[in-house]
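# Tertiary structure, described
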Number of protein chains: 2
Amino acid sequence: MAKYVFGVDIGGTTVKIGLISTDGTMIEKWEIPTRKENNGANILSDVAASIKGKLAERNIPDSEVAGVGVGVPGPVSADGLVLRAVNLGWTDLNVSKEFEKLTGFKTAAGNDANVAALGEMWKGGGMGYNSIVMVTLGTGVGGGIIIDGKILTGALGAGGEIGHIHVRDGEEKACGCGNHGCFEQYCSATGVSNLAKKHFENYNGTTVLTKEDLSAKAVFDGVKVGDALSKEIAEEFGECLGKGLSVIATIINPEAIVIGGGVSKAGQVIIDYTMPSFKENVFSDCGKLKMLLATLGNDAGMYGAARLVL
Amino acid sequence: MAKYVFGVDIGGTTVKIGLISTDGTMIEKWEIPTRKENNGANILSDVAASIKGKLAERNIPDSEVAGVGVGVPGPVSADGLVLRAVNLGWTDLNVSKEFEKLTGFKTAAGNDANVAALGEMWKGGGMGYNSIVMVTLGTGVGGGIIIDGKILTGALGAGGEIGHIHVRDGEEKACGCGNHGCFEQYCSATGVSNLAKKHFENYNGTTVLTKEDLSAKAVFDGVKVGDALSKEIAEEFGECLGKGLSVIATIINPEAIVIGGGVSKAGQVIIDYTMPSFKENVFSDCGKLKMLLATLGNDAGMYGAARLVL
């Protein structure tokens, strides 16, 4: 019987690979560089070689491997087709089929943010729930929606792209996507930093914040020591995050929302500043959900990818 | 083999019942009053009696009935439990189980808006698609989300409650739900009428609109004859509808959006005024979908309820 599964999380710089037991215990994890030359032609064969090497090193026969799950930074269709993954150089690549050919292992592929959501539901902050929305507040805002244990993939593999929903009218600055007033413009690490700059410039009081470090971390550290300016910034962040999440919760009615990504490392304070606006904007019963923090950090993708194939 | 299925759409005033062939042809449809006294205690038994009567009238044996689907105006859990349906007086009623007891027929129940979406996908405007969002622009704004052929029910049966997502900042008037800036405040029949009142009061030019009739129908009739004021109103309506639908499409990435309800009877003009704002606000590939009009009108609920049980 299969005892092991591999969870692979392909990023723009490194590929994270986890050897995981089929009941969800991380046995070993390691990274290899993402070779992006030749439109990423070597990436999957590098991963295949690394996995084969690990099996040889540990004397694990192929028959004990349930399969390999792969998270990809881009839209992935339900059958594993990646139309394009800009950061890797891939176009029209069926990751599942290609990797099965390379290794002989059953393979499943999914979008990295969706797969991370699945990981958090399996072994992280969303454990015990069956329908969750995960929002990842990193450099951008990513998201994954799991309904009845299954990823909402979307018609073109773009389900759960919550970073670019409109949350604020009258925004003058454009988002990276070209639109105005996107979720990501206020709630990503970059977004918080931009809010911080705006408030800092217009502030005349004393503050622990400095012009040199207006990062999301500095802001929430400031909140924790009672800094008034930091609190102002956190309030505007929370207003936007709460509003965006209220819209998602009203549409999806999940059991829980799991907040992850670098910004969420600030901890419970993120939820504290988000709930007032969430409660104000959410519709009726859709507000009756658990607002939770992610716990797996950068490992969520590996867990989720592994889960995908089980 | 079963040849027939019943689709039941319970409304606050009447219950619509359809005798439908299992391949989706409406054979006969009729209505009975919704008896709301005693907290709606007679509603299901009235429906059961009506169905039994119809079978007797047509000499159809029970063995030829695949089952009965029931649409309910309120949240319905995946197993048929209605926690409350305010318009009917129901609380904590398992409609599926109760109706199976009354008739012996396999029964499935769902929220009326969700069921209508399923109907439009089966035999209406969304035919041929597998993942759609239906938005119903009636007295309020309702919605239903179908993913891979299955209704997104939501953790508490409140999935697809899109009428109350926040679409506009700075709204001073409260929505019926108590929040401010809800989709429903601008895009329902009442919403269009409210927009019309606001524009009419501030307009000094000539117009075909009159203070006595500022209904959604009057507005779109005005658009069709080139009335400038009507166009202004339609533009604001379209801006809100496009924005709301863009948010939903960005989150869900459906194959198609189907627009139904009374307001949609104006036809293609609704889509024409919605697309600019939709395109402006939607994210990337999520905008590549079909924007369609519903075609089943008030029959959608019966078709969808029938489909639910098949």
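The rules we used
Residues numbered from 1 in each chain as written. Chains lettered and ligands numbered in written order. Predicted model: local features only at pLDDT ≥ 70, side-chain atom pairs only at ≥ 80, totals over all residues. Helix = DSSP H or I, 4+ residues; strand = E, 2+ residues; numbered from the N terminus. Rg over C-alpha atoms; globule rule 2.2 N^0.38 Å. Buried ≥ 20, exposed ≤ 12 C-beta atoms within 10 Å, placed from the backbone. Contact = placed C-beta atoms within 7 Å. Pairing = 2+ DSSP bridges. Core = buried A, V, L, I, M, F, W, Y, C linked by C-beta atoms within 7 Å. Domains from an automatic or database assignment. Least-squares fit on C-alpha atoms with pLDDT ≥ 70 in both. Nonpolar A, V, L, I, M, F, W, Y, C, P; charged D, E, K, R; others polar. Axes fitted to C-alpha atoms, helices over the stretch in contact; angles between N-to-C directions. Parallel < 35°, antiparallel > 145°, perpendicular 65-115°, else oblique. Left-handed = near helix turned anticlockwise from the far one by under 90°. Expected span 1.5 Å × (residues − 1). pLDDT = per-residue confidence, 0-100.

## Description of the overall build of chain A
When you go through chain A residue by residue, the secondary structure sums to ten helices and twelve strands. In summary, chain A has a C-alpha radius of gyration of 20 Å against a globular reference of 19 Å for 310 residues, a match within 12%. Overall size of chain A, expressed as C-alpha extent along the three principal axes, is 65 × 45 × 35 Å. Put simply, chain A has 310 residues, and 55% of those count as buried. Here the contacts in chain A between residues at least 6 apart in sequence split such that 62% fall between residues at least 24 apart.

## A closer look at the pairing of strand β9 (residues 141-147) of chain B
All names here are of chain B. Of all seven residues in β9, seven are buried; the element is thus mostly enclosed. Burial of β9 is two-sided: the residues V141, G143, I145 and I147 facing one way and the residues G142, G144 and I146 facing the other way are all buried. Pairing geometry for strand β8 (residues 132-137) and β9, over six bridges, is antiparallel. The residue bridging M134 from the neighbouring strand is G144, located in β9. Between β8 and β9, which pair antiparallel in sequence order, lie three residues. Summarising the sheet, β9 and strand β10 (residues 150-151) pair through two bridges and their orientation is antiparallel.

## Re the nonpolar core
I132, F237 and I257 of chain A together with I132, F237 and I257 of chain B are the most contacted members of the largest nonpolar core, which totals 202 residues. Apart from the residues within four sequence positions on either side, F237 of chain B is in contact with Y186, C187, V192, L195 and Y273 of chain B.

## Describing the pairing of strand β5 (residues 81-85) of chain B
Residue and element names in this part refer to chain B. Direction of pairing for β5 relative to strand β6 (residues 90-94): antiparallel, over a ladder of four bridges. From the neighbouring strand, L81 faces β6, where its bridge partner is N94. Where β5 folds back onto β6 in an antiparallel hairpin, the turn is made up of four residues, including G89, whose phi is positive at roughly 90°.

## Digging into the domain arrangement of chain A
Residues and elements named next belong to chain A. Assigned domains of chain A: these are domain 1 (4-121 + 299-309) and domain 2 (128-294). The gap between the C-alpha centroids of domain 1 and domain 2 is 28 Å. Listed by partner, the interface residues are 14 residues for domain 1 and 18 residues for domain 2. Sorting the residues of the side of domain 1 that touches domain 2 by element identifies β7 (107-111) and α4 (112-123) as the ones contributing at least two each.

## Topic: the relation of the copies chain A and chain B
For the pair chain A and chain B, the relating rotation is 180°, the translation along its axis is 0.0 Å, and the fit reaches an RMSD of 0.0 Å. Both copies of the chain, as the preceding transformation shows, are related through a two-fold rotation axis. It is D169 of chain A whose C-alpha, among those of chain A, lies nearest the rotation axis, at 3.1 Å. The share of interface residues of chain A whose copies in chain B are also at the interface is 100%, consistent with both copies meeting through the same surface.

## Observations concerning the interface of chain A and chain B
Contacts between the two partners involve 36 residues from chain A and, on the opposite side, 36 residues from chain B. In terms of residues, the side of chain A that touches chain B owes the most to one element, helix α8 (residues 228-252) of chain A, which gives seven residues. Of the residues assigned to the side of chain A that touches chain B, the class counts are 17 nonpolar, twelve polar and seven charged.

## Let's talk about unusual backbone geometry
Note: most peptide bonds trans; most residues except glycine with negative phi. Residues and elements named next belong to chain A. Backbone geometry at D92 places phi at a positive 45°, although glycine is not the residue there. Mapping D92 onto the fold places it in strand β6 (residues 90-94). Judged by the 8 C-beta atoms lying within 10 Å of it, D92 falls in the exposed class. Here the phi dihedral of N253 falls at roughly 50°; this positive angle occurs in a residue that is not glycine.

## A short note on the packing of helix α2 (residues 43-57) of chain B against helix α3 (residues 95-103) of chain B
Residue and element names in this part refer to chain B. Two elements in contact, α2 and α3, have axes whose closest approach is 10 Å; the angle formed by their N-to-C orientations is 40°. For the element pair α2 / α3, the angle class is oblique. α2 and α3 meet at a crossing whose hand is right-handed. On α3, the residues touching L44, S45, A48 and I51 of α2 are E98, F99, L102 and T103. The class makeup of the residues in the contact of α2 with α3 is five nonpolar, two polar and one charged.

## Some thoughts on the sheet that holds β10 of chain B
Residue and element names in this part refer to chain B. Spatial ordering of the open sheet is given by β10-β9-β8-β11-β12, a layout of five strands whose pairing is mixed. Edge positions in the open sheet fall to β10 and β12 (290-293), since each of these has one partner strand only. In the sheet, strand β11 (residues 256-260) pairs with β12 via four bridges, with the strands oriented parallel. Opposite A256, over in β12, you have K290 as the bridge partner. Across the face of the sheet, helix α4 (residues 112-123) comes into contact with β8, β9, β10 and β11 while running at roughly 55° to β9.

## Notes on the sheet that holds strand β1 (residues 4-10) of chain A
Working definition: the strands of a sheet are paired by backbone hydrogen bonds and lie parallel or antiparallel to each other. All names here are of chain A. Read across the open sheet, the five strands follow the order β3-β2-β1-β4-β7; overall the sheet is mixed. In this open sheet, the two edge strands, each paired with only one partner strand, are β3 (26-33) and β7. Across the sheet, the axes of successive neighbouring strands diverge by a mean angle of 15°, strand direction being ignored. Pairing of strand β4 (residues 65-72) with β7, which is carried by five bridges, proceeds in the parallel orientation. By the bridge assignment for β7, G71 is matched with G110.

## A short note on α4 of chain B
Residue and element names in this part refer to chain B. The end-to-end C-alpha distance of α4, which contains twelve residues, comes to 16 Å, matching closely the 16 Å that a straight helix rising 1.5 Å per residue would cover. In terms of burial, α4 is largely enclosed, as twelve of its twelve residues are buried. Buried residues of α4: D112, A113, N114, V115, A116, A117, L118, G119, E120, M121, W122 and K123, and no others.

## Here we look at the confidence of the model for chain A
Predicted confidence across chain A gives a mean pLDDT of 96, with 100% of residues reaching 70 or more. Both scores are available for the predicted complex, with the pTM at 0.94 and the ipTM at 0.93.

## Examining helix α7 (residues 216-224) of chain A
An α-helical turn contains 3.6 residues, so a residue and the one three or four places further along point in the same direction. Listing the buried residues of α7 of chain A in full gives A216, A218, V219, F220, G222 and V223 of chain A. Residues of α7 of chain A that are buried in the fold lie against α6 (189-201), α8 and α9 (268-281) of chain A.

## A closer look at the environment of F105 of chain A
Residue and element names in this part refer to chain A. Considering the arrangement of structural elements, one finds F105 in the loop between α3 (95-103) and β7. Classification of F105 by C-beta neighbours within 10 Å gives partly exposed; the count is 19. Between the C-alpha atom of F105 and that of A85, which follows or precedes it by 20 residues, the distance is 23 Å. Look past the residues within four positions of F105 in its chain and what remains in contact with it is V65, G67, V68 and E100.

## Some remarks on the environment of E172 of chain B
Structurally, E172 of chain B is set in the loop between β10 and α5 (184-187). Considered as a pair, E172 of chain B and L241 of chain B are 69 residues apart in the sequence and their alpha carbons are 19 Å apart.

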